[in-house]
Amino acid sequence: MEMTKRLLFLDDIRYPIEAYRYTKQDIFLRRDWHIVRNYDQFVSRIQEKGLPEMISFDHDLADKHYLKTDTGEFVEKNGYDCAKWLIEYCMDNYLDLPKFYCHSMNPVGKENIERLLKNFKKL
């Protein structure tokens, strides 16, 4: 029987060990990470398995999300969209936000995700 993965790693290309190399956070050395590569996988995983113990966010989930359509919308959802969905999911289901970390190398994206989640946690 497969051990349920209690940690969720959202990143389109990296693996947790790679995040460890530049963050030096020991959590990334654990083997019970489940990796999701995009918004749809992120949402599906939580809907199917429930909230994990912790989620680590990347912001930039595809080069495409930098391209805006004529409506001004990003083509691809990013880590910030995942964080917004997570907050809605927690509110709708009366759940506490799981622990979170943002391993994104995009400083603005990282700050936006952290600010959003920290502000929600204060409520």
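Above this text you will find the structure in question.
Small disclaimer: the values here were computed from a predicted structure and weren't measured. (Residues numbered from 1 in each chain as written. Predicted model: local features only at pLDDT ≥ 70, side-chain atom pairs only at ≥ 80, totals over all residues. Heavy atoms only, no water.)

Trainee: Is there a simple way to explain the pattern of salt bridges in this structure?
Mentor: Pairs may arise between side chains of opposite charge once their charged atoms sit close together. What the rule picks out here adds up to six salt bridges. R14 is the partner of D11 in a salt bridge, and the nearest nitrogen-oxygen pair spans 3.1 Å. For the pair formed by D11 and R14, the shared burial category is buried. A salt bridge links D32 to R30; its shortest N-O distance comes to 2.7 Å. A residue is classified by how much of its surface remains accessible, and D32, at 9% relative accessible area, is buried. By sharing partners, the salt bridges in this structure join D11, R14 and D58 into a single network. (Salt bridge = Lys/Arg side-chain N within 4 Å of Asp/Glu carboxyl O. Buried < 20%, exposed > 50% of the residue type's maximum accessible area, 1.4 Å probe, protein only.)

Trainee: Help me understand the sheet that holds strand 3 (residues 54-57), please; the structure alone is not making it clear to me.
Mentor: Note: strands within a sheet are paired through backbone hydrogen bonds, in either parallel or antiparallel orientation. Taken in spatial order, the four strands of this open sheet run 2-1-3-4, and their pairing is parallel. Only two strands of the sheet have a single partner each, and these edge strands are strand 2 (33-36) and strand 4 (99-102). For this sheet, the mean inter-axis angle between neighbouring strands, taken without regard to orientation, is 20 degrees. When strand 3 meets strand 4, the two strands line up parallel, connected through four bridges. Across the sheet, F57 pairs through a bridge with C102, a residue of strand 4. (Pairing = 2+ DSSP bridges. Helix = DSSP H or I, 4+ residues; strand = E, 2+ residues; numbered from the N terminus. Axes fitted to C-alpha atoms, helices over the stretch in contact; angles between N-to-C directions.)

Trainee: Please clarify how a nonpolar patch on the surface should be interpreted in this entry.
Mentor: A contiguous nonpolar surface patch, about 280 Å² in accessible area, is contributed by Y15, I17 and L29. Note on placement: I17 falls in helix 1 (residues 16-23). By relative accessible area, I17 is classed as partly exposed at 38%. (Patch = residues over 30% accessible without salt bridge, like charges linked within 9 Å, V, L, I, M, F, W, Y side chains within 5 Å. Areas by Shrake-Rupley, 256 points an atom, 1.4 Å probe, with all protein chains shown as cover.)

Trainee: What should I look at first to understand the nonpolar core in this one?
Mentor: Soluble, globular proteins show a tendency: their nonpolar side chains are buried together. If you look at the biggest cluster of nonpolar residues, it comprises 24 residues, and the most contacted ones within it are F42, I46, F57, W85, L86 and L117. Counting only elements with at least two residues in this core, the list comes to strand 1 (7-10), helix 2 (39-49), strand 3, helix 3 (79-92), strand 4 and helix 4 (107-122). Element by element, the count of residues in this core is highest for helix 3, at seven residues. Within the second largest apolar cluster, six residues are counted, among which are L7, F9, A19 and F28. (Core = buried A, V, L, I, M, F, W, Y, C linked by side-chain atoms within 4.5 Å.)

Trainee: Could you clarify how one ought to interpret the environment of Y20 in this entry?
Mentor: In this structure, Y20 sits in helix 1. Considering only alpha carbons, one finds Y20 and H103, 83 residues apart in sequence, at a separation of 8.9 Å.

Trainee: Mind showing me how you'd approach the packing of aromatic side chains here?
Mentor: Geometrically, a pair of aromatic rings is defined through the distance of the ring centres and the angle of the planes. Throughout the structure, instances matching the rule amount to seven aromatic pairs. For the pair F28 and W33, a centre-to-centre distance of 5.4 Å together with 15 degrees between the ring planes defines the contact as stacked. Each member of the pair, F28 as well as W33, carries the same accessibility label: buried. With 5.6 Å between their ring centres and 75 degrees between their planes, F28 and Y101 make a pair best called edge-to-face. (Phe/Tyr/Trp six-rings, centres within 6.5 Å; stacked < 30°, edge-to-face > 60°.)

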